[in-house]
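# Breakdown of the fold
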Amino acid sequence: MEKHVIRRSPLVEVDTSLKQLHPLLQRIYSHRGISSYQEIDYRFTNLLRPDSLKGLDTALTLLTASLQTNQRICIIGDFDADGATSTALAVKALTEFGAENVSYIVPNRFEYGYGLTPEIVDLAAENKPDLIITVDNGISSIQGVERANAFGIKVLVTDHHLPGNVLPKAEAIVNPNQPECPFPSKNLAGVGVIFYLMSALRTHLQKLNWFEQKNISLPNMAAFLDLVALGTVADVVPLDQNNRILVDQGLQRIRVGRVRPGILALIEIANRSITQLTSTDLGFALGPRLNAAGRLDDMSIGIQCLLADSPHQAQVLARELDNLNQERKSIESSMKVEAMSYLQALNLNEEALPAGVCVYKEDWHQGVIGILASRIKDKIHRPTIVFAQSDNGEIKGSARSVEGIHIRDVLDEVATTHPDLIKKFGGHAMAAGLTIQEDLYELFCQAFDKVVDKHAADDQLAEKIYTDGGLSEQDISLSTAEMIEKAGPWGQHFPMPLFDGEFYIVSVRVLANKHLKMIVAENEFSAHTFDAIWFNTDIAEFGQCENKKMHFVYSINVNEFRGVKSVQLMIEHAKYC
């Protein structure tokens, strides 16, 4: 698909507090709406306070009573990295607060599906819990909460997903996105919500002299920030200022070795440097390995890794997660070939493609459809839903969207205009999940395409790549790469800087028949060359680019080989000049 390269414009003028920074950083921050140093001051003391979270006081009363009477508490998590880190944090924090009967259940996606379903409540009820706490789910669990209420089990919902028109009848709900919640940041991940709740609980218990009475050392909430950083980045929530503080503080602790054995084992198995770990590493190296458990097997493996106290046990579990991730990659690769062949048959051009794309094959793996939807969406720049077969004549879909088209709102409109098409759905702006009857698939595809087409402006379905402009030959340097790396954390809605410009290709090497390793220069007469790498490109089209000029969109990073650091261009997009 044609990509339109657009250079960003300044959104604000930086004030005097940023004038001491390198001019390039001033430009980058201005492009992201950062005008003052206060907005990039990531000290822990600058975190928003939890006080304005709606439902917080009721939740604290509920949790305090549970601890005081030694009730059985069951955590119900989700089967992704956010759910795993949320579950681990809730279990660890409550245990450190003195809870003696804390268990957890993470629904197996293939047996129970997502969230606090009535079936999961039945499973939890076997151990007779007094309190169920949901993490990273529950805001849509109307029937599940009703089932728990029927058993006499109290429910505390902690979630960050968008609510429907009806809220569950839980004892308490803590979710910054619930109606009338004044908490300023609506972008917390599930792990961020439970971190805030546990932080407020610690403060509340401290005022009651709980820790002194129980002879418990005062828990250090900062020790949970490695989990918060990993879950926040892996869930691809927008990195607003508050989330950047959470991620930056977590990364700082990890880099100096203040990290739990499970996360350290994931860093090592991913062959990343602990002292140089970045938000990109969390999102593209650690997150996928943790997610692989929930996609292919059981997320309890990932949670056990995060909860492991022994480095040896953590390493064993991290290896298991790494093996699952390799299997996931293999499954995803074959599914992607089949999906792209299907789209090719539609004639892969912008005119022939529907506005909203649906793809389904009955033997596809349920656990990988989310990643596949994301890959297809990236390729064709259309809201995309990939379906796989479930049970009882149903199929499950995983949806991914493009900027400006709110995928959950699209599904809500489909459900409103066609009440019998969707059995259940949930999600947020960029990602969602749903279940439909298999025999209604074609009707759903038509309805989905129609609603997307209705809401999509012409330019929203044309892929745009935004860059921070060009770099001079002098600025393409190791010091610049290190400066940019330290200026993060970068992520969703606060993107890693990209640059664009023309380069002359001095030499090229094909790696693994899908990557290009290049030496490039500003022009054919320049003696100053740079290393560049372009992953997963079209070798047939670009493998013979030596001695030619190309226009690159690229980031610059620090490449370390045998202890020697150098600057490297990471090519995101290119075309011949």
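Summary of the structure given here. Since this is a predicted model, take the numbers as computed values, not measurements. (Residues numbered from 1 in each chain as written. Predicted model: local features only at pLDDT ≥ 70, side-chain atom pairs only at ≥ 80, totals over all residues. Heavy atoms only, no water.)

This paragraph deals with the overall build of the protein. For the protein, the helix and strand inventory stands at 18 helices and 17 strands. For 577 residues, the compact-globule formula gives about 25 Å, and the C-alpha radius of gyration of the protein, at 24 Å, lands near that figure. Counting only C-alpha atoms, the protein reaches 80 × 55 × 45 Å along its principal axes. The buried share of the protein, reckoned over its 577 residues, is 55%. Look at the contacts in the protein between residues 6 or more apart in sequence, and 67% of them connect residues 24 or more apart. Total accessible area computed for the protein in this model is approximately 25,300 Å², and 47% of it derives from carbon and sulfur atoms. (Helix = DSSP H or I, 4+ residues; strand = E, 2+ residues; numbered from the N terminus. Rg over C-alpha atoms; globule rule 2.2 N^0.38 Å. Buried < 20%, exposed > 50% of the residue type's maximum accessible area, 1.4 Å probe, protein only. Contact = heavy atoms within 4.5 Å. Areas by Shrake-Rupley, 256 points an atom, 1.4 Å probe, with all protein chains shown as cover.)

Okay, the environment of Q474 next. Along the polypeptide, Q474 turns up in the loop between β12 (463-467) and α17 (478-486). Separated by 54 residues in the primary sequence, Q474 and H528 have C-alpha atoms spaced 9.6 Å apart.

Within the open sheet, the five strands sit side by side as β3-β2-β4-β5-β6. Their pairing is parallel. Only two strands of the sheet have a single neighbouring strand rather than two, namely β3 (102-105) and β6 (172-174). Each strand of the sheet is rotated relative to its neighbour by a mean of 20 degrees, with strand direction disregarded. Sheet topology places strand β2 (residues 73-76) next to strand β4 (residues 131-135); four bridges connect them, and they run parallel. Note that in β4 the partner of I73 across the bridge is L131. (Pairing = 2+ DSSP bridges. Axes fitted to C-alpha atoms, helices over the stretch in contact; angles between N-to-C directions.)

What follows covers the pattern of salt bridges. Per the stated rule, a full pass over the model turns up 18 salt bridges. For E338, the salt bridge goes to K361, with nearest N and O atoms at 3.8 Å. Within this pair, whereas E338 is found in helix α13 (residues 311-345), its partner K361 is found in the loop between β7 (357-360) and α14 (369-380), the two being separated by 23 residues in sequence. Salt-bridge contacts for K549 lead to E502; the nearest nitrogen and oxygen are separated by 3.4 Å. Linking K549 in strand β16 (residues 549-561) with E502 in strand β13 (residues 499-511), this pair joins segments that are 47 residues apart in sequence. (Salt bridge = Lys/Arg side-chain N within 4 Å of Asp/Glu carboxyl O.)

Time to look at the environment of I28. Relative to the helices and strands, I28 resides in helix α1 (residues 23-31). For I28, a relative accessible area of 0% corresponds to the buried category. Residues I28 and A487, 459 residues apart in the sequence, show an inter-C-alpha distance of 9.8 Å. I28 has contacts with D468, I484, W490, P497 and F499, leaving out every residue within four places of it along the chain.

Here the second largest pocket is characterised by a volume of approximately 530 Å³. Lining the second largest pocket are 22 residues; nearest its centre among them are R49, P50, S199, A200 and T203. Contributing elements (two or more residues each) for the lining of the second largest pocket: α2 (56-68) and α6 (190-207). With nine residues, the top contributor of residues to the lining of the second largest pocket is α6. (1 Å grid on protein atoms, 1.4 Å probe; cavity = no way out; pocket = protein on both sides within 12 Å on 5 of 7 lines; lining within 4 Å. Points joined across faces, edges and corners; volume = space filled by probe spheres on them.)

Turning to the sheet that holds strand β10 (residues 422-427), a few remarks are in order. The sheet built from five strands is open, its strands ordered β7-β8-β9-β11-β10 with mixed pairing. Each edge of the open sheet carries a strand with a single partner, namely β7 and β10. Recorded for the sheet is a direction-independent mean angle of 20 degrees between the axes of neighbouring strands. Bridge count for β7 against strand β8 (residues 384-389) is four bridges, and the pairing is parallel. Paired with V357 across the two strands is T384, which belongs to β8. Here α14 sits on the sheet in contact with β7, β8 and β9 (394-400), set at roughly 150 degrees to β8. Strands β7, β8, β9, β10 and β11 (431-437) of the sheet are contacted by helix α16 (residues 441-455), whose axis makes an angle of about 160 degrees with β7.

Per the stated rule, a full pass over the model turns up 13 aromatic pairs. Connected via pairs of aromatic rings, a cluster forms that spans Y360, F387, Y441, F444 and F448. Between R244 and the ring centre of F494, over which it is positioned, the NZ or CZ distance is 4.0 Å. (Phe/Tyr/Trp six-rings, centres within 6.5 Å; stacked < 30°, edge-to-face > 60°. Lys NZ or Arg CZ within 6 Å of the ring centre and 35° of its normal.)

Turning next to the side chain of E332. Topologically, E332 is positioned in helix α13. A polar atom in the side chain of E332 sits 2.7 Å from the side chain of R375. (Polar contact = N/O pair within 3.5 Å; in protein donor to acceptor, adjacent residues only side chain to side chain.)

Here the focus is helix α12 (residues 300-307). Buried residues dominate α12, accounting for seven of its eight residues. Every buried residue of α12 is listed here: S300, I301, G302, I303, C305, L306 and L307.

On to the packing of helix α4 (residues 118-125) against helix α5 (residues 142-151). Put simply, α4 and α5 touch, their axes get as near as 8 Å, and they point 30 degrees apart. Judged by the inter-axis angle, α4 sits roughly parallel to α5. Our pair here, α4 against α5, has a crossing hand that is right-handed. Seen from α4, the contacting residues are P118, V121, D122 and A125; seen from α5, they are Q143, G144, R147, A148 and F151. A breakdown of the residues in the contact of α4 with α5 according to their chemical character gives five nonpolar, two polar and two charged. (Parallel < 35°, antiparallel > 145°, perpendicular 65-115°, else oblique. Left-handed = near helix turned anticlockwise from the far one by under 90°. Nonpolar A, V, L, I, M, F, W, Y, C, P; charged D, E, K, R; others polar.)

This brings us to the nonpolar core. Counting residues in hydrophobic clusters, the biggest one holds 143 residues, and the most contacted among them are M198 and M518. Filtering out sequence-adjacent residues up to four positions away, M198 remains in contact with L63, L89, A93, L94, F97 and M221. Grouped together as the second largest cluster of nonpolar side chains are 27 residues, V414, I422, L434 and A447 included. (Core = buried A, V, L, I, M, F, W, Y, C linked by side-chain atoms within 4.5 Å.)

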